[in-house]
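# Understanding the architecture of this molecule
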Amino acid sequence: MAQNILFLAHVDEAGMALPKAAFEALGAALDIAAQLGSTLTIGLIGESVQDAANSIAATGARILGVSGADFTYPRYASDAAAVAAMFAVASPQIVLAPGTSRLLRVMPGAAHRLQGKVDTHITSLDIIDGALSAKRWFYRQRLEAVIQRDARPWVLLLDSGCHQAWAGSTAIADVQVVVVPLSATAKRTVFAGVRTPNSSAQTIRPDAKLLFVAGAGWGKKQADGKTHLPEAETTILDFLRNSGASLGGSKSLVDQTAEDQAVLGFMTHLNQVGQTGSTPRHPKGLSTCCHGEEPHVVGWRFINERRAINLDPNCGWARGKADVLYVADAFRVMAKLNSLLAEKARIQEDSRVDVGKADEPVPIGRT
Ligand SMILES: Cc1cc2nc3c(=O)[nH]c(=O)nc-3n(C[C@H](O)[C@H](O)[C@H](O)COP(=O)(O)OP(=O)(O)OC[C@H]3O[C@@H](n4cnc5c(N)ncnc54)[C@H](O)[C@@H]3O)c2cc1C
């Protein structure tokens with residue numbers, strides 16, 4: 001039986017575009033719709049959805065939109081009402097959506113209201129023996145499950161970084177407006193602002209090519225018998241700025257921050273990678289001053305190329321957990337790397353200025 005698919009997404013915090021995760025999940029939704037011979041409907045939520053709709057109009061799918069000031073910010077009651085309204089228009093058997101924090105909060109509850117089933121953190125979708133099958137990891141990414149369900153509607157939230165993002169040219173989309181009347185109760189929660197962790201720098205960058213992980217060694221006494229925390233902070237922040245890497249931390253290091261010990265001020269539990277931390281996806285990873293113990297290395301499950309710097313040639317990374325282990329002082333290696341990156345940036349800046357000069361218009365008619 002052909003199954004209608006509803007793909008849901010929301011516009012990003014700037015209020016215009018769709019997040020990258022939405023283009024990836026849309027790519028997966030289009031693949032599955034083609035394989036199942038299904039009709040795909042797209043549902044968008046946000047203050048204004050026209051620009052976002054234009055960016056995906058070339059998919060040729062029907063686009064529904066719930067918009068207005070009440071839908072600018074994530075709020076369970078209004079987002080759940082928007083999902084239910086678009087569900088009523090599209091009558092889908094399958095609902096696919098990117099696993100953004102906004103949709104992860106609303107979709108499980110919305111699925112329950114729609115008397116459906118929900119699965120989150122899906123890493124891939126396939127058709128096996130004619131049936132939709134979803135994969136996800138369990139037990140901190142150690143076991144992979146393949147899930148099939150008879151229950152419909154089936155809501156699936158897809159993790160980012162797992163599917164090629166859909167790309168196409170912009171066109172004017174014909175958005176079918178879905179009006180969602182909200183009761184006073186649904187508007188009871190008011191968006192007050194965004195409070196970020198005690199960090200002056202934006203250190204978690206899911207789309208970065210490199211994950212840079214700092215371990216407790218950065219705060220340990222070094223060869224001179226002293227700790228070098230200010231130097232560690234500057235070295236790491238310079239590297240993040242120069243390289244655009246995302247910052248991870250070992251549990252030992254982030255725990256020290258929480259215990260108010262003098263450690264790296266910008267490191268929080270959100271940075272923790274591992275069994276009790278996160279499992280980010282990046283093409284490359286560099287671990288520094290960190291032992292490479294199993295509970296920590298679990299967080300490296302989806303890092304394709306792993307390198308580590310440790311003074312100890314017998315550290316855990318040496319036992320086959322890293323592709324390359326540099327037995328070296330991370331303070332010195334990172335300082336050298338920072339100077340090479342600064343030099344590279346200077347050369348790029350110089351060549352940009354030279355091109356700019358060459359492009360300057362030649363004054364005409366002046367002597
Ligand atoms: C149930 C459980 C769950 C856990 N979950 C997690 C988790 O999610 N994430 C996690 O990270 N850990 C987790 N852990 C803790 C984990 O087992 C390790 O204790 C922790 O990861 C070790 O952190 P570390 O390597 O930073 O510190 P350490 O083990 O103290 O290692 C510091 C390293 O720095 C090196 N070093 C020092 N100075 C330098 C220098 N100048 N240059 C280069 N190297 C230097 C030292 O040689 C040493 O190897 C968990 C543990 C348990 C029991």
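Calculation notes
Residues numbered from 1 in each chain as written. Predicted model: local features only at pLDDT ≥ 70, side-chain atom pairs only at ≥ 80, totals over all residues. Heavy atoms only, no water. Helix = DSSP H or I, 4+ residues; strand = E, 2+ residues; numbered from the N terminus. Buried < 20%, exposed > 50% of the residue type's maximum accessible area, 1.4 Å probe, protein only. Areas by Shrake-Rupley, 256 points an atom, 1.4 Å probe, with all protein chains shown as cover. Lys, Arg positive; Asp, Glu negative; His and termini not counted. Charge placed at Lys NZ, Arg CZ, Asp CG, Glu CD. Core = buried A, V, L, I, M, F, W, Y, C linked by side-chain atoms within 4.5 Å. Contact = heavy atoms within 4.5 Å. Pairing = 2+ DSSP bridges. Axes fitted to C-alpha atoms, helices over the stretch in contact; angles between N-to-C directions. Bend = angle between axes of the 7 residues up to and from the residue. Near = heavy atom within 4 Å. Polar contact = N/O pair within 3.5 Å; in protein donor to acceptor, adjacent residues only side chain to side chain. pLDDT = per-residue confidence, 0-100. Phe/Tyr/Trp six-rings, centres within 6.5 Å; stacked < 30°, edge-to-face > 60°. Lys NZ or Arg CZ within 6 Å of the ring centre and 35° of its normal.

Secondary structure assignment for the chain yields eight helices and 15 strands. Seen through its C-alpha atoms, the chain measures out along the principal axes to roughly 75 × 70 × 45 Å. For the chain, buried positions account for 45% of its 367 residues. Carbon and sulfur atoms make up 52% of the accessible area of the chain, which totals about 19200 Å². Placing the 37 positive and 35 negative side-chain charges of the chain at their respective mean positions leaves the two points 4 Å apart.

Right, let's talk about the nonpolar core for a bit. Counting 37 residues, the largest nonpolar core has Leu-44, Leu-125 and Leu-156 as its most contacted members. Residue assignment for this core shows that the elements contributing at least two residues are β1 (5–10), α1 (20–36), β2 (40–46), α2 (50–56), β4 (94–98), β7 (131–138) and β9 (154–158). Looking at this core, the element that brings in the most residues is α1, giving nine residues. Once residues lying within four places of it in the same chain are set aside, the contact partners of Leu-156 are Ile-94, Val-95, Leu-96, Ala-97, Asp-119, Ile-122, Leu-125, Leu-132 and Ala-134.

With that settled, the discussion passes to the sheet that holds strand β11 (residues 210–214). Read across the sheet, five strands follow the order β12-β11-β13-β14-β15 without closing on themselves; strand pairing throughout is parallel. Strands at the two margins of the open sheet, each flanked by one partner only, are β12 (246–249) and β15 (324–327). Going across the sheet, the axis of each strand differs from the next one's by a mean of 20°, ignoring polarity. With five bridges connecting them, β11 and strand β13 (residues 282–288) associate as parallel partners. Each bridged residue has a counterpart across the sheet, and for Leu-211 the counterpart in β13 is Gly-285. Against the sheet, helix α5 (residues 229–243) contacts β11 and β12, and its axis sits at roughly 175° relative to β11.

Turn by turn, an α-helix covers 3.6 residues, leaving residues three or four places apart pointing in a common direction. Maximum bend of helix α4 (residues 101–113): about 30°, positioned at Met-107, with proline Pro-108 one to four residues after it. Those residues of α4 lying buried are Arg-102, Leu-103, Val-106, Met-107, Ala-110 and Ala-111. Turning to α4, the residues buried within the fold contact β1, β2, α3 (76–90), β4, β5 (117–122) and β9. Two residues or fewer past α4, Gln-115 is found with a positive phi of approximately 55°.

As a structural note, the neighbourhood of the ligand is formed by 28 residues, with Ala-216, Lys-220, Ser-250, Thr-276 and His-291 the closest of them. In the environment of the ligand, an oxygen atom lies 3.2 Å from a nitrogen or oxygen atom belonging to the backbone of Gly-277.

Before going further, it helps to spend a moment on the confidence of the model for the chain. Here the chain averages 92 in pLDDT, and 93% of its residues register 70 or above. Counted against residues more than four places away or in other chains, residues 360–367, with its pLDDT under 50, gives zero contacts.

Before going further, it helps to spend a moment on the environment of Phe-71. With respect to the helices and strands, the residue Phe-71 is situated in the loop between β3 (62–67) and α3. Between the C-alpha atoms of Phe-71 and Ala-82, which are eleven residues apart in sequence, the distance is 8.4 Å.

Overall, parallel pairing links the seven strands, which are arranged β5-β9-β4-β1-β2-β3-β10 in an open sheet. If you trace the sheet from one side to the other, it starts and ends with β5 and β10 (175–177), each paired once. The average angle at which neighbouring strand axes cross in this sheet is 25°, direction not considered. Along the sheet, α1 makes contact with β1, β2, β4 and β9, crossing β1 at roughly 175°.

So, on to the packing of aromatic side chains. In this description, a pair of aromatic rings is defined by centroid distance and the angle of the planes. Taken as a whole and assessed by the stated rule, the structure comprises five aromatic pairs. Ring geometry for Tyr-73 and Phe-191: centres 3.6 Å apart, planes at 5°, overall stacked. Separated by 118 residues along the polypeptide, Tyr-73 in the loop between β3 and α3 and Phe-191 in the loop between β10 and β11 bring together distant segments of the chain. Accessibility expressed as a relative area gives 36% for Phe-191, which makes it partly exposed. Judged by centre distance (5.4 Å) and plane angle (70°), the rings of Trp-137 and Phe-302 are edge-to-face. Here Trp-137 is found in strand β7, whereas its partner Phe-302 is found in the loop between α7 (294–297) and β14 (303–310), with 165 residues between them in sequence. Assigned by exposure class, Trp-137 and Phe-302 land together as buried. Seen from the ring of Phe-138, Arg-136 lies directly overhead, with NZ or CZ sitting 4.4 Å from the centre.

Further remarks concern unusual backbone geometry. Among all residues except glycine, the phi angle is most often negative; among peptide bonds, the trans geometry is most common. Here the amide bond leading from Arg-152 into Pro-153 is cis, since omega sits at 0°, within 30 degrees of zero. Examined against the element boundaries, Pro-153 turns out to sit in the loop between β8 (143–147) and β9. The phi torsion at His-121 lies on the positive side, around 55°, for a residue other than glycine. Relative to the assigned elements, His-121 resides in strand β5. Phi at Cys-289 takes a positive value of approximately 55°, unusual for a residue other than glycine. Residue Cys-289 is classed as buried on the basis of its relative accessible area of 15%.

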